[in-house]
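So the chains spell out like this:
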Amino acid sequence: MKTELAWVTLAGVLMWAGGCKREQRVFDPGAAQSQIANGVVLNEVHAGAEHLQEPSPSPSGTKYEQSAYAVGEGKRLFESYNCSGCHQHGGGGIGPALMDAEWIYGSHPEQIYSDIVQGRPNGMPSFAGKIPEYQVWELVAYVRSMSGQLPEDVAPSRSDEMAVTQAEQAHPKEHPPDESQHNVQRGKQ
Amino acid sequence: MLLSGCQKSATQEVMQPAGFGGVMHPYSGPMEKDDEEWVRATKDYANTRYSALDQINTSNVANLKVAWTFNTGVARGQEAAPIIANNTMYVVAPWPNKLFALDLTKPGAPLKWSYDPNPSPAAKGEACCDLVNRGAVYADGKVFYNTLDGYTVAVNADSGKLAWRTRMGNLALGETMTMAPMVVKDKVLVGDSGGEFGVRGWVAALNTKDGKVVWQAYSTGPDKDVLIGDRFKPFYDGDKGQDLGVKTWPPDAWRIGGGTAWGFMAYDPAQNLVYYGTANPGPWNPEVRPGTNKWTSGVFARDADTGQAVWFYQMSPHDLYDWDGINENVLLDLPVQGQTRKVLIRADRNGYLYVIDRTTGQVLSATSYVYTTTTTGVDLKTGELQRVPEKEPKTGQEIRNICPVAPGAKDWQPMSFSPRTGLLYVPHENMCMDEEGVTPNYIAGTPYVGANVRYYAGPGGNEGELMAWDPLSGKKVWTVTDKYPMWSGTVVTAGDVVFYGTMDGWFRAADARTGKTLWQFKTGSGIVGQPVTYRGPDGKQYVAILSGIGGWPGAIVSNNLDTRDDTAANGWGSALRDLKNVTQAGGTLYVFSLP
């Protein structure tokens, strides 16, 4: 069973043309915390530390995630900015795996944007001033494609390099624990 | 009597195949007198890791029991050798590198004190291979060790108070420190890590009293930086010439060329020479650094007082595969063609077991000890490694079946030598890889590698092996295979027992003469550490090992990596797909004794 999310924004409703696999997302940053994720009721009370409030959504995040070109660029940049030196091809090494459902600092585009720009204390370098903003968004979109968060027709289907893992397009969608901090959630038949 | 604990596990097998042909001959050369402690990781200056204790021996080792344990509080790769001196055991944990002093005079060895160096968390992103530390060294009432963020610290052995600390590594450039220092006279010798980050390698000698750097010798760059001067007399022509540390590189590439020194040091008091290996050149992709890339992937002999180089030998000139030359050097006096020679023996990452004259740097023999597709031998006239050109990595092309792998025929995990059998007990890998060169990009503080790699087991399907090697005939006597790479060191005793651990957590005692498992104990996590043995204040012999999976391969578990990616942990994903199902991260010291 797949879960389809609907996110409601304060700013309005963001929708994009849906291929059948594409999700319709509407943001609601202020939503209450009790929903059902994969049939499991989540706690009302949250620990304070890591998964803070859901970040304010950025239109950039979503825009880049709709563009196969941008995601492809992100894949190339992931190599040329040496992200792959620490995260390998998503399985991780020095840095954590990015293809799984676990997120230290959150799975949302804006959080990943901050990971890259601000860096993180336990060894994630800050790329502030080193990567132009649009490229950061391309990287964000690509990072999310590694765990199957992007529509299949946007995620890269092949690699120019030696095949060391399935193409991102074939990566199963992981369900990070923070994906369900949304207002409305429906199971899908 | 049938002890269930003595049965072999399914993944392990002892073999003495035909054609091995090595023999045991007691060693008559000099050995350092055993102090029954373990003051440095290597046990003695010669790196034999031999203990003359024989209370625990082949006839009673089956009765070995846990005496006490201690939790380091860090569930990361435990590669350190516990240090025993001053009726105390000193244990360095992985980052954040706390040093624990355990009181051996009291039951259960309670904590006397702990020292917290408070290292930078940023170091966690700069260390290639988990957050490991390979141990401390005790000398003159102080304990010395290195922190991951690049400091050498000296702590008062009784009080646990900091005596001094000296910043040696530049974290911003990806320079970290993991090696176990050695003290020679009034100097503590240390070296850096970071060969995967384009750092420039070095070894330094610090005054044990105040931490001031007395000398520092780089592995690349002009002769004055490398401490190459009048005394330098390399044996082979390829190592002769001025400023080869500059000229054997493309312009300026030596500045980010690697050659770090993160292995164990050895010392020959008679010649006052220290020996150590230099790590791989950076980046891995060899196409961007034409030349022999001096002085990487080789061995230096240096004057212990001045650091001046005396000779150098390069096992892997213009290294193609990340074959660091850091593996330990065991110093022995062996008969070679009827003459006793002072030699240095090393099981190199490139797959050859070298016997080198340690006075001159001449290679006396270099014998293949693993399955190899990449080289055909070592030319003893020129000292050169004979390459197989088809196996050279190429940018944009996948080359398959490169054997041995990047971690080598053997990585840092140290061997031991018993004078009673004359054999070396060598834990090592049996692995091959596929590699594709990619364009490396130097960004300070990020990896500088330029290669995609995927590792897997070599012929036979076992990734690891412990072999007993006869250095005179250059042949194996026996070998124990293991499903996983054998990433723990070994210790051998006068009781004819070899202790070693496996990545799935078994700690074993093998018969030094046959390899047969005489005893085994399943620890809480995988073992990648260095076993030690000592006589306690109560007169009993103890054996100690840290259990805690991690290090380069074990990071699959300790850093919770995803093995759907073959390149996870820089190539181990494909080799260790199931390791997370087999063992969990941990960090526990186990100390064993007879009841």
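The shown structure was predicted, so the numbers you read here are calculated from the model rather than taken from an experiment. (Residues numbered from 1 in each chain as written. Chains lettered and ligands numbered in written order. Predicted model: local features only at pLDDT ≥ 70, side-chain atom pairs only at ≥ 80, totals over all residues. Heavy atoms only, no water.)

## Description of the overall build of chain A
Step number 1: Of the regular secondary structure elements, chain A holds 5 helices and 4 strands.
Step number 2: Along the chain direction, N to C, the helices and strands of chain A fall in the order β-β-β-α-α-α-α-α-β.
Step number 3: Counting the 189 residues in chain A, one finds 51% classified as buried.
Step number 4: Considering only intrachain contacts with a sequence separation of at least 6, the fraction spanning at least 24 residues in chain A is 61%.
Step number 5: When the accessible surface of chain A is totalled, it reaches about 9000 Å², and 55% of it is carbon and sulfur. (Helix = DSSP H or I, 4+ residues; strand = E, 2+ residues; numbered from the N terminus. Buried < 20%, exposed > 50% of the residue type's maximum accessible area, 1.4 Å probe, protein only. Contact = heavy atoms within 4.5 Å. Areas by Shrake-Rupley, 256 points an atom, 1.4 Å probe, with all protein chains shown as cover.)

## As for the interface of chain B and chain A
It is common to report an interface's size as the accessible area lost on association of the parts.
Step number 1: If you look at the interface, chain B gives 31 residues, while chain A gives 30 residues.
Step number 2: Buried area between chain B and chain A, both sides added, is near 2300 Å², and the carbon and sulfur share of it is 51%.
Step number 3: The largest per-residue losses of area from chain B upon contact with chain A belong to B:P447, B:R564 and B:D565, which jointly make up 22% of the total buried on that side.
Step number 4: The interface formed by chain B and chain A holds 1 salt bridge in total.
Step number 5: As a salt-bridge pair, A:E174 and B:R564 come within 3.0 Å of each other at their nearest N and O atoms.
Step number 6: At the junction of chain B with chain A, the criterion picks out 22 residue pairs in polar contact (both at pLDDT 80 or more).
Step number 7: Of all elements in the fold, only β29 (431–437), β30 (451–457) and α4 (568–571) of chain B reach the threshold of two or more residues within the side of chain B that touches chain A.
Step number 8: Along the lines of polarity and charge, the residues of the side of chain B that touches chain A split into 12 nonpolar, 8 polar and 11 charged. (Buried area = accessible area lost by both parts, 1.4 Å probe. Salt bridge = Lys/Arg side-chain N within 4 Å of Asp/Glu carboxyl O. Polar contact = N/O pair within 3.5 Å; in protein donor to acceptor, adjacent residues only side chain to side chain. Nonpolar A, V, L, I, M, F, W, Y, C, P; charged D, E, K, R; others polar.)

## Looking at the sheet that holds strand β34 (residues 497–501) of chain B
All names here are of chain B.
Step number 1: The mixed open sheet is built from 5 strands, whose spatial order is β2-β33-β34-β35-β36. Both edges of this open sheet fall to β2 (50–51) and β36 (517–522), since each of them pairs with a single strand only.
Step number 2: In this sheet, strand β33 (residues 491–493) lies alongside β2 in parallel orientation, the contact comprising 2 bridges. Paired with S51 across the two strands is T493, which belongs to β33. (Pairing = 2+ DSSP bridges.)

## So, the pairing of strand β22 (residues 352–357) of chain B
On any regular strand, side chains alternate: one points to one face of the sheet, the next to the other face.
All names here are of chain B.
Step number 1: Most of β22 is tucked away: 6 of the 6 residues are buried.
Step number 2: Along β22, one buried face is formed by Y352, Y354 and I356 and the opposite face, lined by L353, V355 and D357, is buried too.
Step number 3: Sheet analysis places strand β21 (residues 339–347) next to β22, joined by 5 bridges and oriented antiparallel. Bridge assignment links A347 to a residue of β22, and that residue is L353.
Step number 4: Where β21 hands over to β22, the hairpin turn is made up of 4 residues, of which G351 adopts a positive phi near 100°.

## Comments concerning helix α4 (residues 109–118) of chain A
Residues and elements named next belong to chain A.
Step number 1: Most of α4 sits out of view: 7 of its 10 residues are buried.
Step number 2: Listed in full, the buried residues belonging to α4 are P109, E110, Q111, I112, S114, D115 and I116.
Step number 3: Against α1 (59–65) and α5 (133–146) lie the buried residues of α4.
Step number 4: Of the residues trailing α4, G119 is marked for its positive phi of about 75°.

## A short note on empty space enclosed by the protein
Step number 1: For the structure on display, the rule yields 5 cavities of 30 Å³ or more.
Step number 2: Here the largest cavity defines a volume of roughly 230 Å³.
Step number 3: Surrounding the largest cavity, 19 residues form its lining, A:S84, A:G85, B:V438, B:G450 and B:A451 being those nearest its centre.
Step number 4: For the lining of the largest cavity, the secondary-structure elements that each account for two or more residues are α3 (83–87) of chain A together with β30 of chain B.
Step number 5: Of the residues forming the lining of the largest cavity, the biggest block, 3 residues, is contributed by β30(B).
Step number 6: Split into classes, the residues belonging to the lining of the largest cavity amount to 7 nonpolar, 11 polar and 1 charged.
Step number 7: Size it by volume and the second largest cavity reaches roughly 70 Å³.
Step number 8: Considered class by class, the residues forming the lining of the second largest cavity number 7 nonpolar, 3 polar and no charged. (1 Å grid on protein atoms, 1.4 Å probe; cavity = no way out; pocket = protein on both sides within 12 Å on 5 of 7 lines; lining within 4 Å. Points joined across faces, edges and corners; volume = space filled by probe spheres on them.)

## Observations regarding the pairing of strand β19 (residues 309–314) of chain B
All names here are of chain B.
Step number 1: Extensive coverage of β19 is indicated by the burial of 6 of its 6 residues.
Step number 2: Note: strand β18 (residues 298–303) against β19, 5 bridges, orientation antiparallel. By the bridge assignment for β19, A301 is matched with W311.
Step number 3: Here β18 folds back onto β19 in antiparallel fashion, the turn holding 5 residues, of which G307 has a positive phi close to 80°.

## Section: the state of the cysteines
Step number 1: Summed over all chains, the structure comprises 2 disulfides over all chains.
Step number 2: One disulfide in the model links B:C128 with B:C129; its S-S distance is 2.1 Å. Disulfide B:C128 to B:C129: torsion about the S-S bond roughly -105°, handedness left-handed.
Step number 3: Note on B:C128: relative accessible area 32%, which makes it partly exposed.
Step number 4: You can call B:C129 buried: its relative accessible area is 17%.
Step number 5: Here B:C403 is linked by a disulfide to B:C432, with a sulfur-sulfur distance of 2.2 Å. Because the torsion about its S-S bond is 105°, the bridge between B:C403 and B:C432 counts as right-handed. Of the two residues, B:C403 is situated in the loop between β26 (398–402) and β27 (416–418) and B:C432 in strand β29; the sequence distance between them amounts to 29 residues. Taken individually, B:C403 and B:C432 each receive the classification buried, so the pair is uniform in this respect.
Step number 6: In chain B, the bonded cysteines, taken in the order they occur along the sequence, pair up as 1-2, 3-4.
Step number 7: Looking at the unpaired A:C83, the closest cysteine sulfur is the one in A:C86, lying at 8.7 Å.
Step number 8: We classify A:C86 as buried; its relative accessible area is 11%. (Disulfide = S-S within 2.5 Å.)

## Side note on the packing of aromatic side chains
Residues and elements named next belong to chain B.
Step number 1: On inspection of all chains with the given rule, the structure shows 36 aromatic pairs over all chains.
Step number 2: Between Y27 and F417, the ring centres sit 5.1 Å apart and the planes meet at 85°, which makes this aromatic pair edge-to-face. Separated by 390 residues along the polypeptide, Y27 in the loop between β1 (13–15) and β2 and F417 in strand β27 bring together distant segments of the chain. For the residue pair Y27 and F417, the accessibility class agrees, reading buried in each case.
Step number 3: With a centroid separation of 4.7 Å and an interplanar angle of 55°, the aromatic rings of F300 and F312 are classed as tilted. (Phe/Tyr/Trp six-rings, centres within 6.5 Å; stacked < 30°, edge-to-face > 60°.)

## Here we look at the side chain of A:K75
Residues and elements named next belong to chain A.
Step number 1: The topology assignment puts K75 in helix α2 (residues 68–80).
Step number 2: Take K75: its relative accessible area is 18%, and that puts it in the buried class.
Step number 3: Here E168 takes part through its side chain, which lies 2.9 Å from a polar atom of the side chain of K75.
Step number 4: Excluding anything up to four places from it in sequence, K75 contacts Y142, P156, R158, S159 and E168.

## Regarding the packing of α2(A) against α5(A)
Residue and element names in this part refer to chain A.
Step number 1: Two elements in contact, α2 and α5, have axes whose closest approach is 7 Å; the angle formed by their N-to-C orientations is 90°. When the axis of α2 is compared with that of α5, the two are roughly perpendicular. Contact with α2, carried on its side by A70, V71, E73, G74, K75, L77 and F78, involves Q135, E138, L139, A141, Y142, V143, S145 and M146 of α5 and no other residues of that element. (Axes fitted to C-alpha atoms, helices over the stretch in contact; angles between N-to-C directions. Parallel < 35°, antiparallel > 145°, perpendicular 65-115°, else oblique.)

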